[in-house]
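# Structural overview for review
This is what each chain is made of:
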Amino acid sequence: MTEVTNNKLGWMLDDALRMPETRYAILLSADGLLIAHSEGIPRDDAERQAAGMSGLQSLARSTAEFCGDPDTVWHQTVNEFENGYVFLVAAGMNAYLAVSAGPAVDMEAVSYRLQELVQRLGKELMSPARQGGASA
């Protein structure tokens, strides 16, 4: 993917981080490949996190039945840690957007901002399905 090579979508992720307490953002494909990353995270770290986030969304989607309907659509996962949060949202077909933030972040504002970014960017955030790859 040329996006990984030149990180041409990175500026859009930097825009999502213009909120207090946000740290890093990555855009990844359903099969865990890095599509883009914010300026503050090194590419190697972003690639490692993209692989992990792919697994995280897969686990979250597999728990849909616990929500009352095994066919319900997954939209977002938020993980809380001692030093902050990780937000993971659907960002189009076969694409996910992840943002890390500090412990004092306004969670509602970040969730809203991420959904706004996904809506605004539309097709630009979509990742084409890979041959033999996972689908959303």
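Here, the structure is the one placed above.
Overview of the structure.

What counts and how
- Residues numbered from 1 in each chain as written.
- Predicted model: local features only at pLDDT ≥ 70, side-chain atom pairs only at ≥ 80, totals over all residues.
- Heavy atoms only, no water.
- Pairing = 2+ DSSP bridges.
- Helix = DSSP H or I, 4+ residues; strand = E, 2+ residues; numbered from the N terminus.
- Axes fitted to C-alpha atoms, helices over the stretch in contact; angles between N-to-C directions.
- Salt bridge = Lys/Arg side-chain N within 4 Å of Asp/Glu carboxyl O.
- Buried < 20%, exposed > 50% of the residue type's maximum accessible area, 1.4 Å probe, protein only.

So, about the sheet that holds strand S4 (residues 84-90). By definition, the strands of a sheet pair up through backbone hydrogen bonds, in either a parallel or an antiparallel sense. Taken in spatial order, the five strands make up an open sheet running S2-S1-S5-S4-S3, and their pairing is antiparallel. The open sheet is flanked by strand S2 (34-37) and strand S3 (76-81), the only strands paired with a single partner. Mean inter-strand twist for the sheet, computed between neighbouring axes without regard to direction, equals 15°. In this structure, strand S1 (residues 22-29) lies alongside S2, joined through three bridges in antiparallel fashion. By the bridge assignment, isoleucine 26 is partnered in S2 with histidine 37.

Our focus in this paragraph is the pattern of salt bridges. Side chains bearing opposite charge may pair, as long as their charged atoms lie close to each other. A full pass over the atoms with the stated rule returns four salt bridges. Aspartate 15 is the partner of arginine 113 in a salt bridge, and the nearest nitrogen-oxygen pair spans 3.5 Å. Pair noted here: arginine 113 is in helix H4 (residues 107-121) and aspartate 15 is in helix H2 (residues 10-16), with a separation of 98 residues, a long-range link. Note on accessibility: arginine 113 and aspartate 15 belong to one class, buried. A salt bridge links arginine 48 to aspartate 45; the shortest N-O distance between them is 3.5 Å. Here arginine 48 and its partner aspartate 45 are both found in helix H3 (residues 43-62), three residues apart, which amounts to about one turn of the helix.

Scope: geometric values only; no functional claims are made or implied.
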